[in-house]
Amino acid sequence: MGQCGITSSKTVLVFLNLIFWAAAGILCYIGAYVFITYDDYDHFFEDVYTLIPAVVIIAVGTLLFIIGVIGCCATIRESSCGLATFAAILLLVFVTECVVVVLGYIYRAKVENEVNHSIQKVYNEYSGPNTDAPSRAIDYVQRQLHCCGIHNYSDWRNTRWFKESKNNSVPVSCCQPSISNCTGTLTRPADLYQEGCEALVVKKLKEIMMYVIWAALTFASIQMLGMLCACVVLCRRSHDPAYELLVTTNSYA
């Protein structure tokens, strides 16, 4: 009965190590996705520490790949030292992912204040389509999120670009794609996106941070199972001299 439980634990461990390899790739992908997406919105927040959870999750993904290699070798060879190292590293990664979850919630709460603080400045720096990085960022966000202005399209009246251009128009990035020959003129407001960008940028950045939080929680729970199985195998091996290796076949049957 005990041997059956140990064999099951070892089988689960081998399977979990394969999952760790897949998890490593998924976590690195999520971290890279957060970096790329935040790069499109980086003009709307000033706190670079917001990206710390993404940096940590990429590091965890890299470490998980190494853990998978150590875990497979240690489980098949049933090395006490290897399994102990495997369990210790898993514990370290588990603690790190808990930190990622906490940081994710902290920075998710700060996103709204960051955007509120920066967005007015970014809009005031707008100088026309494809002229500089802040201007391209605004046009990109308005097209991607289907929004116009900070709260609505009328916010453009208060910008330096609107006052200097004197054509009573907003950027064409405010135009709805279904409207042909849209020039952004405020005399035809129905041609423009009606929703402001501030709330949508905040929503988008919070969604991205939630991806990081849920990824960390999911793989932390898997690692708990891995630590449990490693501890079961280690305890059984240290207390049962007759304990057989996984690679040993029953040649005496």
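Before any of the text, the structure's been laid out above.
These numbers were taken from a predicted model, which means no experiment stands behind them.

*Asks:* I'm lost on the overall build of the protein in this one. Help?
*Replies:* Broken down by element type, the protein carries six helices and zero strands. Tracing the protein from N to C terminus, the helices and strands come up as α-α-α-α-α-α. Within the span of the protein, comprising 253 residues, buried residues form 45% of the whole. For the protein, the accessible area works out to roughly 13000 Å², and carbon and sulfur atoms hold 63% of it.

*Asks:* I keep staring at the nonpolar core and nothing clicks. Help me out?
*Replies:* Soluble globular proteins tend to pack their nonpolar side chains together in the buried interior. In terms of nonpolar packing, the biggest core is built from 66 residues, with F44 and W156 touching the most fellow members. Secondary structure elements with two or more residues in this core: helix 1 (2-41), helix 2 (52-77), helix 3 (80-124), helix 4 (133-145), helix 5 (160-165) and helix 6 (197-239). Take this core: its biggest share by element is 17 residues, from helix 6. Not counting residues within four places of it along the chain, the set of residues in contact with W156 comprises Y123, Y126, I138, Q142, C148, G149, W161, F162, V170, P171 and C174.

*Asks:* Which parts of the structure should I look at to understand the environment of N130?
*Replies:* As for its position among the elements, N130 is in the loop between helix 3 and helix 4. Judged by its relative accessible area of 64%, N130 falls in the exposed class. If sequence neighbours within four positions are ignored, N130 has contacts with R136 and D139.

*Asks:* Help me understand the side chain of D155 in this model?
*Replies:* Along the chain, D155 falls in the loop between helix 4 and helix 5. A polar side-chain atom of D155 sits 2.4 Å from the main-chain amide nitrogen of H151. Residues contacting D155, with those up to four places away along its chain left out, are G149 and I150.

*Asks:* Is there a simple way to explain helix 3 in this structure?
*Replies:* Side chains three or four residues apart in an α-helix point the same way, a direct result of the helix having 3.6 residues per turn. With 45 residues, helix 3 extends 63 Å from end C-alpha to end C-alpha; this agrees with the ideal 66 Å at 1.5 Å per step. Where helix 3 bends most, at K110, the angle is about 35°.

*Asks:* Looking at this structure, how should I read a nonpolar patch on the surface?
*Replies:* On the surface, F15, L18, W21, F65, I66 and V69 cluster together into a nonpolar patch covering about 560 Å² of accessible area. Elements that contribute at least two residues to the nonpolar patch include exactly helix 1 and helix 2. As for its position among the elements, L18 is in helix 1.

Calculation notes
- Residues numbered from 1 in each chain as written.
- Predicted model: local features only at pLDDT ≥ 70, side-chain atom pairs only at ≥ 80, totals over all residues.
- Heavy atoms only, no water.
- Helix = DSSP H or I, 4+ residues; strand = E, 2+ residues; numbered from the N terminus.
- Buried < 20%, exposed > 50% of the residue type's maximum accessible area, 1.4 Å probe, protein only.
- Areas by Shrake-Rupley, 256 points an atom, 1.4 Å probe, with all protein chains shown as cover.
- Core = buried A, V, L, I, M, F, W, Y, C linked by side-chain atoms within 4.5 Å.
- Contact = heavy atoms within 4.5 Å.
- Polar contact = N/O pair within 3.5 Å; in protein donor to acceptor, adjacent residues only side chain to side chain.
- Expected span 1.5 Å × (residues − 1).
- Bend = angle between axes of the 7 residues up to and from the residue.
- Patch = residues over 30% accessible without salt bridge, like charges linked within 9 Å, V, L, I, M, F, W, Y side chains within 5 Å.
- Salt bridge = Lys/Arg side-chain N within 4 Å of Asp/Glu carboxyl O.

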